[in-house]
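Here's the letter readout for the chains.
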Amino acid sequence: MGEVYEVEHLELGSRYALKAFVPHGERSAATDERFLTESRLLARLDHPNLVKVFDLGRDSATGILYYVMNLVCDETGRERNLGDLSCEGVDEKTIAEWFAQLGDALDYI
């Protein structure tokens, strides 16, 4: 239901992830409300294995809804997403740790 971009707060110099609601089908009041519900739900969650959503808005020029969340980076500061992961060469212990973290987050939700 959206596209995610890396953004920078110009005054603070901090980097974040911004999810913009760009539906692939027809946009309606119902689809807007679903995105707003998702945003509000995610903003209430507080768990170390989930990104924190802390801002929600609508672009005044386009009407596009968005929310801002933490940008996930690796140890070197490079942003990461699931598409960056490859299980080739990853040992079973690491994969088990990933699934345990995922399980903790899903249990929390």
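Because the structure is a prediction, the values reported are computed rather than measured. (Residues numbered from 1 in each chain as written. Predicted model: local features only at pLDDT ≥ 70, side-chain atom pairs only at ≥ 80, totals over all residues. Heavy atoms only, no water.)

1. Description of the sheet that holds strand β4 (residues 65–70)
Item 1. Pairing within the open sheet is antiparallel, and its four strands lie in the order β1-β2-β4-β3. Each of the sheet's edge strands pairs with one partner strand only, and the pair in question is β1 (3–8) and β3 (53–58). Ignoring which end each strand starts from, the neighbouring axes of this sheet average 25° apart.
Item 2. Contacting β2 (15–20), β3 and β4, helix α1 (residues 29–44) crosses the sheet at an angle of about 20° to β4. (Pairing = 2+ DSSP bridges. Helix = DSSP H or I, 4+ residues; strand = E, 2+ residues; numbered from the N terminus. Axes fitted to C-alpha atoms, helices over the stretch in contact; angles between N-to-C directions. Contact = heavy atoms within 4.5 Å.)

2. Details of the side chain of Lys 19
Item 1. Checked against the element boundaries, Lys 19 lands in strand β2.
Item 2. In this structure Lys 19 comes out as buried when scored by relative accessible area, which is 14%.
Item 3. Here the side chain of Lys 19 touches Glu 38 through a polar contact of 2.9 Å, side chain to side chain. (Buried < 20%, exposed > 50% of the residue type's maximum accessible area, 1.4 Å probe, protein only. Polar contact = N/O pair within 3.5 Å; in protein donor to acceptor, adjacent residues only side chain to side chain.)

3. Some words on helix α2 (residues 92–108)
Item 1. Counted at 1.5 Å a residue, the expected span for α2 with its 17 residues is 24 Å, and the 24 Å between its end C-alpha atoms agrees.
Item 2. A side-chain oxygen of the first residue of α2 lies 3.0 Å from the backbone nitrogen of Lys 93; this N-cap is Asp 91. (Expected span 1.5 Å × (residues − 1).)

4. Comments concerning a nonpolar patch on the surface
Item 1. A contiguous nonpolar surface patch, about 630 Å² in accessible area, is contributed by Trp 98, Phe 99, Leu 102, Leu 106, Tyr 108 and Ile 109.
Item 2. Along the polypeptide, Tyr 108 turns up in helix α2. (Patch = residues over 30% accessible without salt bridge, like charges linked within 9 Å, V, L, I, M, F, W, Y side chains within 5 Å. Areas by Shrake-Rupley, 256 points an atom, 1.4 Å probe, with all protein chains shown as cover. Salt bridge = Lys/Arg side-chain N within 4 Å of Asp/Glu carboxyl O.)

5. As for the packing of aromatic side chains
Item 1. Applying the stated criterion across every chain, the model contains three aromatic pairs.
Item 2. Pairing Tyr 16 with Phe 54 gives two aromatic rings, centres 5.1 Å apart and planes at 65°, and the pair type is edge-to-face. Placement of the pair is Tyr 16 in strand β2 and Phe 54 in strand β3, with a sequence separation of 38 residues.
Item 3. Here the aromatic rings of Phe 21 and Phe 35 are separated by 5.1 Å at their centres, their planes lie at 25°, and the arrangement is stacked. Within this pair, whereas Phe 21 is found in the loop between β2 and α1, its partner Phe 35 is found in helix α1, the two being separated by 14 residues in sequence. (Phe/Tyr/Trp six-rings, centres within 6.5 Å; stacked < 30°, edge-to-face > 60°.)

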